[in-house]
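As a plain string of letters, each chain reads:
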Amino acid sequence: MTDIGLVGNILWEDYYKIAWVNILTGEYEFVKILDTDEEKPCLEAKDIYEYSRLVVSTGLVPDEDIEQYQRCTDRKYILNEVLGQRKRITVDFRRIIGDARKWVRLEIVLPHDFSEDKPWAVYTWKESDSQTGNVNDALRILSQCFHKILKIDLEHDTHEVIKAYPEELTKISGYSDSFSQWVKNTAESVIYPDDEQSVREFIDPVRLRTRFRESRECLRLRYRRYCSGGFRWVYMELIPSIEYTPDNPVIMMYIRDIHDDYVADLHRQKALEYYCNYDTLTGLRSRFCYNDFCRRFEERGGTLAVLFADVNGLKYTNDTLGHEHGDRLITGFAEQLSLYFGTECCYRISGDEFVVLIYGISEADFSGKAAGFHNRIKSMEVPQASIGYSWSEDAASVDDLVRSAEGRMYEDKREFYKLHPEMKR
């Protein structure tokens, strides 16, 4: 036969502290206590909830574990979990015992006859095994990555807060025991207006139940929410809990702040896009953009005008005055081109070659504009560039029209060298 006494002795030795607690009034009586000097001030508490607060205030819980410990030993939380859901409460935390930090498990166990008329429960404390400590260390690291962790029951529209900023758990901030109502309140008060609709759709309970029936893969959404005086980018992840079944649709929500890293990435991306799309020396459109224009034009066709320009005497300037003066020659001409035609249609396609591409302009308008620019350059004591231009109502390709304008540019170049033979190298 089973020796009940032996079993009781084993269980008794398993716990280093046991208390009989009225969770409504907080009245408590220790059946077994931890006999240390550090523990004695805590035992002067008037009720179990004050006892839990003294455990923290006397420095027996490490700073990194205080938030979790306080949340799970708070009177309101315990009453909600125990009276509302008849659930046993288990919380693992590190406790300073003597000179060591040890993982401790606090459990609130309900007798079979527990009720509001008989609101007495058993508090037990015991050291956690090493595996539990390792798991909790891993979970703590995970928790540090996220500022909000919720366990959500989609069937009953309820949630359990694993971690959240304290200010989010107030009625003023929109907090509600109903998950959908909390979402609604949050969307209206703290979500960036442009992101509000996408957040509502993303965490719609009906959608989530359908989605997780089809796939258990994690869902992710990036959006902006109000925090610390401004809107910040955050990342939400939703994944089925290990308890999840179609009849018990429990999911986990993790939210972390990604603002600083994401904004830095955006700046880097914009810089990359700029350096890809614009020439770094002149600020005009790049060769990449020119190639992209050619590709898109072949898809749509239409009226196109091209001006082709080649800087005069660049090699001569580099050889006699240095590359810094050569760069000034290039940027000086690019500035003239940009001021006259506008930056968005001007391209630097090689070291000293520039192209202007204008879509949909009439021949008369373009001819007048191109001739006016050509005359401006030719009026210089030493013209900065040689120029040719061409127009087509229905060009077969950009390259064909560019070659035509380039051929006329060479005619202009020959005239330039007749006047400035010393610059021909």
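So, how was this worked out
Along each chain, numbering runs from 1 in the same order as the chain's sequence is written. Owing to the predicted nature of the model, reporting of local features is limited to residues with pLDDT of at least 70; listing and counting of side-chain atom pairs is limited to 80 or more, with chain, interface and lining totals taken over all residues. Hydrogens and water are ignored here; the side-chain numbers use all heavy atoms of the structure. Numbering of helices and strands starts at the N terminus; helices are DSSP runs of H or I of at least 4 residues and strands are runs of E of at least 2. C-alpha atoms define the radius of gyration in this analysis, and the globule rule sets the expected value at 2.2 Å times the number of residues to the power 0.38. Under the scheme applied here, a residue whose accessible area is under 20% of the maximum for its type counts as buried, over 50% as exposed, and between as partly exposed, the area being computed with a 1.4 Å probe on protein chains only. Residues belong to a common nonpolar core when they are buried Ala, Val, Leu, Ile, Met, Phe, Trp, Tyr or Cys residues joined through side-chain atoms within 4.5 Å. Two strands are said to pair when DSSP picks up at least two bridges between them. Note on geometry: axes are lines fitted to C-alpha atoms, helical ones only across the stretch in contact, with angles between N-to-C directions running from 0 to 180 degrees. Note on contacts: a residue pair is in contact if any heavy atoms of the two residues lie within 4.5 Å. Ring pairs are drawn from Phe, Tyr and Trp, using the six-membered ring of Trp, whenever the two centres fall within 6.5 Å, and their geometry is named by plane angle: stacked under 30 degrees, edge-to-face over 60, tilted for the rest. Remark: a charge is flagged as sitting over a ring if the NZ atom of Lys or the CZ atom of Arg is within 6 Å of the ring centre and within 35 degrees of the ring normal. Helix span, as expected, comes to 1.5 Å for every residue beyond the first. Arc, as used here, means the arc of the directions from the helix axis to the C-beta atoms.

## Examining the overall build of the protein chain
Along the backbone of the protein chain there are 14 helices and 14 strands. The C-alpha radius of gyration computed for the protein chain amounts to 37 Å, which surpasses the reference 22 Å derived for 425 residues by more than 25%, pointing to a less compact arrangement than a globule. Principal-axis analysis of the C-alpha atoms places the extent of the protein chain at approximately 115 × 50 × 45 Å. Split into buried and exposed, the 425 residues of the protein chain put 45% on the buried side.

## Re the nonpolar core
Counting residues in hydrophobic clusters, the biggest one holds 35 residues, and the most contacted among them are I23, Y51, I78, Y123 and W125. Broken down by secondary-structure element, the contributors of at least two residues to this core are β1 (17-22), β2 (28-32), α2 (48-57), α3 (63-73), α4 (75-85), β3 (89-97), β4 (100-109) and β5 (120-127). V161, W182, F202 and I203 belong to the second-largest nonpolar core, a separate cluster that totals 27 residues.

## Considering the sheet that holds strand β11 (residues 304-311)
A sheet is described by the order of its strands in space; here four strands give the open sequence β12-β13-β11-β14, paired in antiparallel fashion. The strands lining the two open edges of the sheet, one partner per strand, are β12 (346-348) and β14 (385-392). In this sheet, adjacent strand axes meet at a mean angle of 20 degrees when their direction is disregarded. Bridging between β12 and strand β13 (residues 353-359) involves three bridges; their strand directions are antiparallel.

## Notes on the side chain of H259
Note on placement: H259 falls in helix α9 (residues 259-277). Apart from residues no more than four positions distant in its own chain, H259 is found in contact with F231, R232 and W233.

## Topic: the environment of S241
The residue S241 is located in the loop between β9 (230-240) and β10 (250-257) in this model. C-alpha separation for the pair S241 and I162, spaced 79 residues apart in sequence, amounts to 13 Å. Discounting residues that sit within four places of it in the chain, S241 has contacts with K151, V250, I251 and M252.

## Thoughts on the packing of aromatic side chains
One pass over the full model with this rule turns up 23 aromatic pairs. With 5.3 Å between their ring centres and 65 degrees between their planes, F341 and F373 make a pair best called edge-to-face. Of this pair, F341 sits in helix α12 (residues 323-341) while F373 sits in helix α13 (residues 363-378), placing them 32 residues apart in sequence. F373 shares its class with F341; the two are buried. An aromatic cluster of at least three residues, connected via ring pairs, comprises Y28, F30, Y51, Y123 and W125. The positively charged end of K17 is found above the aromatic ring belonging to W125, 4.6 Å away from the centroid.

## Some words on the pairing of β10
With respect to burial, β10 is a largely interior element, six of its eight residues being buried. Here strand β6 (residues 148-153) pairs with β10 via six bridges, running antiparallel. Bridged to K151 within β10 is M252. Across seven bridges, the pairing between β9 and β10 is antiparallel.

## A look at helix α10 (residues 287-300)
Side chains of residues three or four places apart in an α-helix project in the same direction, reflecting 3.6 residues per turn. The first and last C-alpha atoms of α10 sit 20 Å apart over 14 residues, in line with the 20 Å expected at 1.5 Å per residue. The complete set of buried residues in α10 reads C289, Y290, F293, C294 and F297. Down the axis of α10, the sector holding all buried residues measures 145 degrees, keeping them to one side. Across from the buried face of α10, at angles greater than 90 degrees, the exposed residues are E298 and E299. On its buried face, α10 is in contact with α9, β11, β12, β13 and α14 (398-419). Following α10 by one or two positions, G301 has its phi on the positive side, about 65 degrees.

## What about the pairing of strand β7 (residues 158-163)?
Each regular strand shows side chains that alternate between the opposite faces of the sheet. Where β6 meets β7, five bridges bridge the pair, whose relative direction is antiparallel. Bridging across to β7, I152 finds its partner in H159. Turn length for the β6-β7 hairpin, with the two strands adjacent in sequence and antiparallel, is four residues, and the turn residue D157 shows positive phi of about 60 degrees.

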